[in-house]
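Take a look at the letters that make up each chain.
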Amino acid sequence: MIVCPNCLYQNPNGRQHCEACCAKLPNAVSCPQCGQSCLVDAFFCGCCGFVLAPVDTAPPPLEDSASSTLTPVTTASGQSTTIPPTPELSLKVVPENNPRNCRETLIMDNIVLSDIPKLEIPQVAYLYHWQSKSKLHLNGEQSVFKLGKRSKKSTPDINLGHLSHSEVISRHHANIFRKDNRFYIEDVGSANGTYLNNQRISCGDKHPLQAGDKISLGRGNLVTLIFELS
């Protein structure tokens, strides 16, 4: 007996269409054990439970992920080995909502690079003595370098007493300051004055220094120092 899925009328076995509504009936087979009509795609008989079709319960084969992700290589000794793939870095650029400075922030692996503090590398400064072609290094981590000549009472950080025409240099002639990785020069009341790029600077005024600036101690460029950075 075949039940019509449209009107639920019970049709005799072997019918292709419903005798009540003429709807197409599903294909059916008879159960080998009890003879009850069953659908052709049924796995079990609904009357006696007879197994009509074998059920494939085996799990699907697993994909060999190791063979698909490992790259075979040959070492220098001729042995074959595998290496894991290099992970890919995901980079994206996120513009910052700043109308004045629309710079961009680089994000890599959930790390915002703009949040990492920038390291300031201290610059190495020195004075190049033009007349003797020698260098006077401003070494150390001190913030003030005293320029002058050695005496019994004091010794400057940069001793210029051995240079030619040192008679124009005072015992404490000038200071060079270092602040926030910048350098400045100041005259401290020298007898013959301090000149920056041929302009005399006033006592006590701090002037910023740039690479290539010319510092003259006294008039006439007798003692000329070139400020340099490296």
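- Under an unreviewed UniProt entry, the name given to the protein chain is FHA domain-containing protein, and the source organism is Lyngbya confervoides BDU141951.

**Some remarks on the nonpolar core**
- Grouped together as the largest cluster of nonpolar side chains are 22 residues, with contacts concentrated most on Leu127, Leu138, Leu160, Ile176 and Ile215.
- If you look at the next biggest cluster of nonpolar residues, it comprises five residues, including Cys4, Cys18, Ala23 and Leu25.

**Re the packing of aromatic side chains**
- Tallying each qualifying case throughout the model produces two aromatic pairs.
- Ring plane angle 80° and centroid distance 6.4 Å describe the contact between tyrosine 128 and tryptophan 130, whose orientation is recorded as edge-to-face.
- You can call tyrosine 128 partly exposed: its relative accessible area is 22%.
- Measuring from ring centre to ring centre gives 5.5 Å for phenylalanine 183 and phenylalanine 227, while their planes differ by 55°; the resulting arrangement is tilted. With a gap of 44 residues between them, phenylalanine 183 in strand E15 (residues 182–187) and phenylalanine 227 in strand E20 (residues 224–229) connect regions that are remote in the sequence. Summarising the burial analysis for this pair, phenylalanine 183 and phenylalanine 227 share the class buried.

**Notes on the environment of leucine 217**
- Relative to the assigned elements, leucine 217 resides in strand E19 (residues 214–217).
- The spacing of leucine 217 and leucine 147 is 70 residues in sequence and 9.8 Å in space, taken between C-alpha atoms.
- For leucine 217, the residues in contact, after removing those within four places along its chain, are Leu160, Val168, Ile169, His173, Gly193, Thr194, Val223 and Leu225.

**Points about unusual backbone geometry**
- A positive phi angle is found at lysine 133, which is not glycine, with a value near 55°.
- For lysine 133, the position within the fold is in the loop between strand E10 (125–129) and strand E11 (134–137).
- The phi dihedral of asparagine 198 falls on the positive side, at around 70°, and the residue is not glycine.
- Along the polypeptide, asparagine 198 turns up in the loop between strand E16 (194–196) and strand E17 (199–200).

**With respect to the sheet that holds E15**
- Reading across from one edge, E13-E12-E14-E15-E18 is the order of the five strands in this open sheet, with mixed pairing throughout. Where the open sheet ends on each side, the last strands, each with one partner, are strand E13 (158–159) and strand E18 (206–208).
- In this structure, strand E14 (residues 172–179) lies alongside E15, joined through six bridges in antiparallel fashion. The residue of E15 that forms the bridge with lysine 179 is arginine 182.

**Some thoughts on the state of the cysteines**
- The tally for this structure, following the rule as stated, stands at zero disulfides.
- Cysteine cysteine 31 is unpaired, with the sulfur of cysteine 48 as its nearest cysteine sulfur at 3.6 Å.
- For cysteine 31, a relative accessible area of 3% puts it in the buried group.
- Classification of cysteine 48 by relative accessible area gives partly exposed; the value is 31%.

Cut-offs and rules
- Residues numbered from 1 in each chain as written.
- Predicted model: local features only at pLDDT ≥ 70, side-chain atom pairs only at ≥ 80, totals over all residues.
- Heavy atoms only, no water.
- Core = buried A, V, L, I, M, F, W, Y, C linked by side-chain atoms within 4.5 Å.
- Buried < 20%, exposed > 50% of the residue type's maximum accessible area, 1.4 Å probe, protein only.
- Phe/Tyr/Trp six-rings, centres within 6.5 Å; stacked < 30°, edge-to-face > 60°.
- Helix = DSSP H or I, 4+ residues; strand = E, 2+ residues; numbered from the N terminus.
- Contact = heavy atoms within 4.5 Å.
- Pairing = 2+ DSSP bridges.
- Disulfide = S-S within 2.5 Å.

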